[in-house]
Amino acid sequence: MQDLDSSEASPEPPDLLNLFTGFLTISLIGFGGVLPWIRWLAVDRRKWMGPKEFSELLALCQFLPGGNIMNLAVIIGHRSRGPIGSVVSLTGLMVAPCTLVVGLGWLYTRYADYPGVADVLKGLGAAAAGLVIAMALRLLAGIGKEPVPLLFVAAGFVAVGLLRLPLVPTMLVLAPLSIAYSWTRVA
Amino acid sequence: MNDRDPLISLAVEFFIISFVAFGGLNAMLPEMHRQAVDVYGWMSDAEFRNLFALAQAAPGPNAMIVTLIGWHVAGIPGALVSTLTVLIPSSTLAYVVSGTWQRFSEARWRKAIQAGLIPVTVGLVCSSALIITSTIGENWRLLAITAATTLIVMRTKLHPLIALGCAGLLGYVGLL
C-alpha cells in the first residue's frame, strides 16, 4: 500500500548479494510461473523499484526475444549494479534450477528402465502437454476476433505445427507481414 | 551436418533460437523438437517428451528444457553450452536496449513490431501444444490426462504442479 510514494527511483539499489539471493529465492519458489514472484520480490518485499518502473521493465522484456524472466533479471541487475549486476542476477536465477534439472536428468537416465520411473514420466509428460495446450488456448483467447491477426495465428500453426517447417524462415515471412499490418493499425 | 561436434551444433541451434525467441522459449519448442528429433536425431519423440516433462516438473524459468536437451546430447558440457548460448544473445540485447527503452517505448514502430509479433508467436505456441501432444502417441489414457490437465488449469485455480503430481502418481500406480 505504501508503493505509491516510491513509484520512481528506489531509495537504495540492491547490492550484488541482494540480487543474487533474491533471484536465487525466486528461481526455487517459482514453480510454474516465476513472474508474479519477481514482482513480489522486487516491488513488495525488497522494494528495489516502484510498481510503475516494474511495469515498464516488464513491457520492455515482453518486447524483446528470450525468456521474460531472464531478461528481467538482466535489466534489474543492470539498473542496480551495472554489468556485474546483470551477470550476478542471471546467475542467481539460473544456477539452482539448472543444477536441479541436470540432477533430475541424471536420475532419469540412471533409472529410466525401472518400470515405475517410466510410468511416472508418462503421466508427467501427458500432464505437461496439457499445460502447453492451456497456455496456447489462453493466448488464443487474447488475440480476439479480428480476422487478420487470427489469420497470422493460423498461418504460424499450419507452417510450424502441421507442416513442421523450420521456424526461422517461417518467421522471416510471417513476422514482417504481420508487423506491416499492425503498422496500419497503431497510432 | 551430423558429423560435427554436437557441442557446436547445440551452440549454433540455440544461438539462433535465442534471437527469434519472441514470446519466450515456449514458442520455440517446435524448433527444438525439430532439431533434436528430426534434424540431428539426438533423441526419440518419447525421450523429448520425457525431458520436457522433467523440465516442467522442475522449478525455475522455462529455459530448463534447453538445459536438459544439452545435457542429454553431451552431458554437463552440453548443458552448459546450450544454456549459455540460449541466454547470452537475448540477454546482451536486453542489456543494450534497456538504456534506450524510454526513448522508443512510445514509438509507432515499436508498437507495430510488438503487436505484429503477437499473432505469430501465438501460432507458434499453438504449434508447441500440437507437437508436444503428438509425442504422446495414440494412448487414450494419456490423452485423457492431457485433456484433464488442460481443463483443470483453465477452469480452476489449482496449482499446475498438483495436476502434474496427480498424473505422475497415476502413472506410478500403473493406471496409465
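Each value, and the rule that gives it
Residues numbered from 1 in each chain as written. Chains lettered and ligands numbered in written order. Predicted model: local features only at pLDDT ≥ 70, side-chain atom pairs only at ≥ 80, totals over all residues. Heavy atoms only, no water. Helix = DSSP H or I, 4+ residues; strand = E, 2+ residues; numbered from the N terminus. Buried < 20%, exposed > 50% of the residue type's maximum accessible area, 1.4 Å probe, protein only. Areas by Shrake-Rupley, 256 points an atom, 1.4 Å probe, with all protein chains shown as cover. Lys, Arg positive; Asp, Glu negative; His and termini not counted. Charge placed at Lys NZ, Arg CZ, Asp CG, Glu CD. UniProt positions renumbered as here; feature names shortened; annotations may be inferred. Salt bridge = Lys/Arg side-chain N within 4 Å of Asp/Glu carboxyl O. Contact = heavy atoms within 4.5 Å. Buried area = accessible area lost by both parts, 1.4 Å probe. Polar contact = N/O pair within 3.5 Å; in protein donor to acceptor, adjacent residues only side chain to side chain. Core = buried A, V, L, I, M, F, W, Y, C linked by side-chain atoms within 4.5 Å. Axes fitted to C-alpha atoms, helices over the stretch in contact; angles between N-to-C directions. Parallel < 35°, antiparallel > 145°, perpendicular 65-115°, else oblique. Left-handed = near helix turned anticlockwise from the far one by under 90°. Nonpolar A, V, L, I, M, F, W, Y, C, P; charged D, E, K, R; others polar. Patch = residues over 30% accessible without salt bridge, like charges linked within 9 Å, V, L, I, M, F, W, Y side chains within 5 Å.

A.B. asks: Just give me the short version of the overall build of chain B, but keep the residues and values in it.
C.D. replies: On a plain count of helices and strands, chain B comes out with eight helices and zero strands. Listed N to C, the secondary structure of chain B is α-α-α-α-α-α-α-α in terms of helices and strands. Burial status across chain B gives 57% buried among its 176 residues. Carbon and sulfur atoms make up 66% of the accessible area of chain B, which totals about 7300 Å². Of the charged side chains in chain B, 10 are positive and 9 negative, and the gap between their average positions amounts to 17 Å.

A.B. asks: Describe in detail the UniProt feature "transmembrane region" (unreviewed entry) in chain B, supporting the description with residues and values.
C.D. replies: Residue and element names in this part refer to chain B. Mapped onto this structure's residue numbering, the UniProt feature "transmembrane region" (unreviewed entry) falls at residues 6-29, 50-73, 79-97, 117-137 and 157-175. Secondary structure within residues 79-97 divides into 100% helix and 0% strand; the distance between the first and last C-alpha atoms comes to 28 Å. Its end C-alpha atoms 31 Å apart, residues 117-137 is made of 86% helix and 0% strand.

A.B. asks: Describe the pattern of salt bridges, and please don't skip the residues or the numbers.
C.D. replies: One pass over the full model with this rule turns up four salt bridges over all chains. Notably, a salt bridge pairs A:Glu146 with A:Arg185, separated by 3.1 Å at the nearest N-O pair. Placement of A:Glu146 in the loop between α5 (115-143) and α6 (147-162) and of A:Arg185 in helix α7 (residues 167-185) is noted, with a sequence separation of 39 residues between them. According to the relative accessible area criterion, A:Glu146 is partly exposed, its value standing at 35%. Since its relative accessible area comes to 53%, A:Arg185 is described here as exposed. The shortest N-O distance in the salt bridge between B:Glu31 and B:Arg34 comes to 3.2 Å. Placement of the pair is B:Glu31 and B:Arg34 together in helix α2 (residues 29-39), with a separation of three residues, close to one helical turn. The exposure classification of B:Glu31 matches that of B:Arg34, with both residues buried.

A.B. asks: Quick rundown of the interface of chain A and chain B? Include the residues and the values.
C.D. replies: When the parts of a complex come together, some accessible area is lost, and that lost area is often used as the size of the interface. The interface is formed by 84 residues belonging to chain A together with 92 residues belonging to chain B. Each partner contributes to the roughly 7900 Å² buried at the junction of chain A and chain B, and carbon and sulfur atoms together form 78% of this total. Remark: the boundary between chain A and chain B carries zero salt bridges. Counting the contacts that link chain A with chain B gives 16 residue pairs in polar contact (both at pLDDT 80 or more). For the side of chain A that touches chain B, the secondary-structure elements that each account for two or more residues are α1 (16-29), α3 (51-63), α4 (68-111), α5, α6 and α7 of chain A.

A.B. asks: An account of the nonpolar core is needed here, citing residue identities and associated values.
C.D. replies: In terms of nonpolar packing, the biggest core is built from 106 residues, with A:Ile76, B:Leu25, B:Met28 and B:Met32 touching the most fellow members. If we skip the residues at most four places from it in the chain, B:Leu25 touches A:Met70, B:Ile17, B:Met32, B:Asn62, B:Ala63, B:Val66 and B:Val86.

A.B. asks: Can you tell me about the packing of α5(A) against helix α6 (residues 108-134) of chain B, naming the residues and giving the values?
C.D. replies: Where α5(A) meets α6(B), the axes come as close as 8 Å, and the angle between the chain directions of the two elements is 155°. Between α5(A) and α6(B), the crossing angle belongs to the class labelled roughly antiparallel. Considering the relative orientation of α5(A) and α6(B), their crossing is left-handed. Touching A:Ala129, A:Val132, A:Ile133, A:Met135, A:Ala136, A:Leu139, A:Leu140 and A:Ile143 of α5(A) are B:Ile118, B:Pro119, B:Val122, B:Val125, B:Cys126, B:Ser128, B:Ala129, B:Ile132 and B:Thr133, all from α6(B). In the contact of α5(A) with α6(B), the residues fall into 15 nonpolar, two polar and no charged.

A.B. asks: If you had to explain the packing of α4(A) against helix α3 (residues 45-57) of chain B to someone new, which residues and values would you point to?
C.D. replies: Packing of α4(A) against α3(B) leaves a shortest axis separation of 10 Å and a crossing angle of 140°. Relative to α3(B), the element α4(A) is oriented oblique. The handedness of the crossing between α4(A) and α3(B) comes out as right-handed. On the side of α4(A), the interface is formed by A:Val101, A:Leu104, A:Gly105 and A:Tyr108, while α3(B) contributes B:Glu47, B:Asn50, B:Leu51, B:Leu54 and B:Ala55.

A.B. asks: How would you sum up a nonpolar patch on the surface? Please name residues and give values.
C.D. replies: Side chains of A:Val158, A:Leu162, A:Leu163, A:Leu165 and B:Leu130 sit close together on the surface and give an oily, nonpolar patch of about 410 Å² of accessible area. A residue is classified by how much of its surface remains accessible, and A:Leu165, at 39% relative accessible area, is partly exposed.

A.B. asks: Kindly report on the UniProt feature "transmembrane region" (unreviewed entry) in chain A, identifying the contributing residues and their values.
C.D. replies: Residues and elements named next belong to chain A. In the numbering adopted here, UniProt assigns the feature "transmembrane region" (unreviewed entry) to residues 20-42, 87-108 and 120-141. Annotated as residues 87-108, this span is 100% helix and 0% strand, and its ends, taken at the C-alpha atoms, are 30 Å apart. In this annotation, residues 120-141 is assigned 100% helix and 0% strand; the end-to-end C-alpha distance for the span is 32 Å.

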